[in-house]
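Understanding the architecture of this molecule
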Amino acid sequence: MVTKYDVFEYLYKRNVPLRPKEILTEFQKGSASYRDIYNILLDLKKLKIVAKGTHGFQAPRTKKNSLLYQMIVFCLKNDINYNERSE
């Protein structure tokens, strides 16, 4: 399952506006998952992590986004599951 942090990491890394279909292709998901990806993008937009433009969604280069991206990359390099919740 693709999470919002997976989508954010991909958008930030690419640094170009992307449409939901392009993200589906990257994560090798079928068209049935379009609504899920689109809802993730809208959630990220609501959190002000992603911006929506005329050419698609993009993660702007802000301090907040840069720190989040660095944290995700650190987790990936150190084999830490950044999607896991502790309660």
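Before going into details, it helps to say that this report is about the structure given with it. This structure is a prediction, so every number in the text was calculated from the model and none was measured. (Residues numbered from 1 in each chain as written. Predicted model: local features only at pLDDT ≥ 70, side-chain atom pairs only at ≥ 80, totals over all residues. Heavy atoms only, no water.)

As for its position among the elements, Pro20 is in helix α2 (residues 20–26). Of the residues examined, Pro20 reaches a relative accessible area of 7% and is grouped as buried. Sequence separation between Pro20 and Phe57 is 37 residues; the distance between their C-alpha atoms is 7.9 Å. Leaving out residues up to four positions away in the same chain, Pro20 has contacts with Tyr34, Ile37, Tyr38, Leu41 and Phe57. (Helix = DSSP H or I, 4+ residues; strand = E, 2+ residues; numbered from the N terminus. Buried < 20%, exposed > 50% of the residue type's maximum accessible area, 1.4 Å probe, protein only. Contact = heavy atoms within 4.5 Å.)

Formed by 23 residues in total, the largest nonpolar core has its most connected members in Val7, Phe8, Leu11, Ile23, Ile37, Leu41 and Leu44. Those elements that place two or more of their residues in this core are α1 (4–14), α2, α3 (34–46) and α4 (63–77). Residues within four places of Ile23 in sequence aside, it is in contact with Val7, Tyr10, Leu11, Leu18, Ile37 and Leu41. (Core = buried A, V, L, I, M, F, W, Y, C linked by side-chain atoms within 4.5 Å.)

With that settled, consider the packing of α1 against α4. Running from N to C, α1 and α4 point in directions that differ by 110°, and their axes come no closer than 10 Å. Judged by the angle between their axes, α1 and α4 are roughly perpendicular. As α1 packs across α4, the resulting crossing turns out to be left-handed. Side by side, α1 and α4 meet where Tyr5, Phe8, Glu9, Tyr12 and Lys13 of the first sit next to Asn65, Ser66, Leu68, Tyr69, Ile72 and Leu76 of the second. Tallied by class, the residues present in the contact of α1 with α4 amount to seven nonpolar, two polar and two charged. (Axes fitted to C-alpha atoms, helices over the stretch in contact; angles between N-to-C directions. Parallel < 35°, antiparallel > 145°, perpendicular 65-115°, else oblique. Left-handed = near helix turned anticlockwise from the far one by under 90°. Nonpolar A, V, L, I, M, F, W, Y, C, P; charged D, E, K, R; others polar.)

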